[in-house]
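Structural description and commentary
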Amino acid sequence: SWLKNGFFGYWFSPGMMLNSRCIIEGLALKAMYDSGDISEEQTELLQKQVFLIEYNCYKRFADISEIFLFPDKLKYDWEQTRSFYFEKLQNRYSEQKIKKIIESSNPFLCDDKLNYHKIIETYLGKEFASWYGLLSQGSHPSDNTFYQNQNILPLLLGIYDLIKKAYGHLPKTDFTLT
């Protein structure tokens with residue numbers, strides 16, 4: 001999506017800011033994993049956490065969510081995942097701590113106080129944490145017009161360098177953009 005937006009010239013769109021943030025988040029988690037700071041158990045938890053995050057997000061919009069969601073499936077998936085997390089974590093954490101983990105932004109990491117900014121700063125450095133903060137200004141709903149600032153282009157090109165560094169060694173296929 002990031003490459004497509006760049007290809008079509010949507011450099012300063014809120015979508016480009018969000019894509020850039022997601023790339024930084026993903027590469028920080030990849031670096032965290034590569035450094036051995038994500039366990040196999042956490043990898044198992046990661047595969048299920050989407051149901052926790054979806055439910056935690058959409059429950060705030062219960063009055064309108066039935067229009068475009070399947071609330072029974074959403075709740076069922078959340079309950080199943082919640083049980084899975086309790087089963088996996090009950091020997092190490094209290095019930096209260098597990099509840100906090102389940103409500104956190106990255107449940108699989110089992111640290112309800114850990115956020116992406118801290119992960120990015122730890123594994124990619126302060127400069128990328130700063131970029132992440134700037135990109136957040138352009139992607140969160142507000143009357144902020146930061147994303148329209150043409151001076152952000154070098155930062156976006158820095159994201160391209162990150163992508164190239166992380167994935168430039170992969171073999172070319174018919175399924176990639178040129």
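The following refers to the structure shown.

Procedures and definitions
Residues numbered from 1 in each chain as written. Predicted model: local features only at pLDDT ≥ 70, side-chain atom pairs only at ≥ 80, totals over all residues. Heavy atoms only, no water. Helix = DSSP H or I, 4+ residues; strand = E, 2+ residues; numbered from the N terminus. Buried < 20%, exposed > 50% of the residue type's maximum accessible area, 1.4 Å probe, protein only. Contact = heavy atoms within 4.5 Å. Areas by Shrake-Rupley, 256 points an atom, 1.4 Å probe, with all protein chains shown as cover. Phe/Tyr/Trp six-rings, centres within 6.5 Å; stacked < 30°, edge-to-face > 60°. Polar contact = N/O pair within 3.5 Å; in protein donor to acceptor, adjacent residues only side chain to side chain.

1. Some remarks on the overall build of the chain
Along its length, the chain carries 10 helices and 0 strands. When the helices and strands of the chain are placed in sequence order, the string is α-α-α-α-α-α-α-α-α-α. Out of the 178 residues in the chain, the part that is buried amounts to 35%. When contacts within the chain are restricted to residue pairs at least 6 apart in sequence, long-range pairs at least 24 apart make up 62% of them. For the chain, the exposed surface amounts to about 11,600 Å²; the carbon and sulfur share of it is 55%.

2. Some points on unusual backbone geometry
Here the phi dihedral of cysteine 110 falls at roughly 60 degrees; this positive angle occurs in a residue that is not glycine. Residue position: cysteine 110 is located in the loop between α7 (95–103) and α8 (116–123).

3. Looking at the packing of aromatic side chains
With the rule as written, the count across this model stands at 7 aromatic pairs. Measuring from centroid to centroid gives 5.2 Å for phenylalanine 7 and phenylalanine 8, while their planes differ by 85 degrees, and the two rings are edge-to-face. In this structure, phenylalanine 7 and phenylalanine 8 share a single accessibility class: exposed. Taken together, a centroid distance of 4.5 Å and an interplanar angle of 20 degrees make the contact between tyrosine 55 and tryptophan 78 stacked. With tyrosine 55 in helix α4 (residues 49–58) and tryptophan 78 in helix α6 (residues 71–89), this residue pair connects regions lying 23 residues apart in the sequence. Under the relative-accessibility criterion, tyrosine 55 is labelled buried at 16%. Tryptophan 78 gets classed as buried once you look at its relative accessible area, which sits at 14%. By the ring-pair criterion, three or more aromatic residues cluster together here, those being Trp2, Trp11 and Tyr160.

4. Side note on the environment of leucine 153
Relative to the elements of secondary structure, leucine 153 occurs in helix α10 (residues 153–167). What makes leucine 153 partly exposed here is its relative accessible area of 29%. Between the C-alpha atoms of leucine 153 and tryptophan 11, which are 142 residues apart in sequence, the distance is 7.3 Å. Not counting residues up to four positions away in its chain, the partners in contact with leucine 153 are Trp11 and Phe12.

5. Brief notes about the side chain of serine 136
Considering the arrangement of structural elements, one finds serine 136 in helix α9 (residues 126–139). Judged by its relative accessible area of 14%, serine 136 falls in the buried class. One polar contact links serine 136 to arginine 21, side chain to side chain, over a distance of 2.9 Å. Among the polar contacts made by the side chain of serine 136, one reaches the main-chain carbonyl oxygen of tyrosine 132 at a distance of 2.9 Å.

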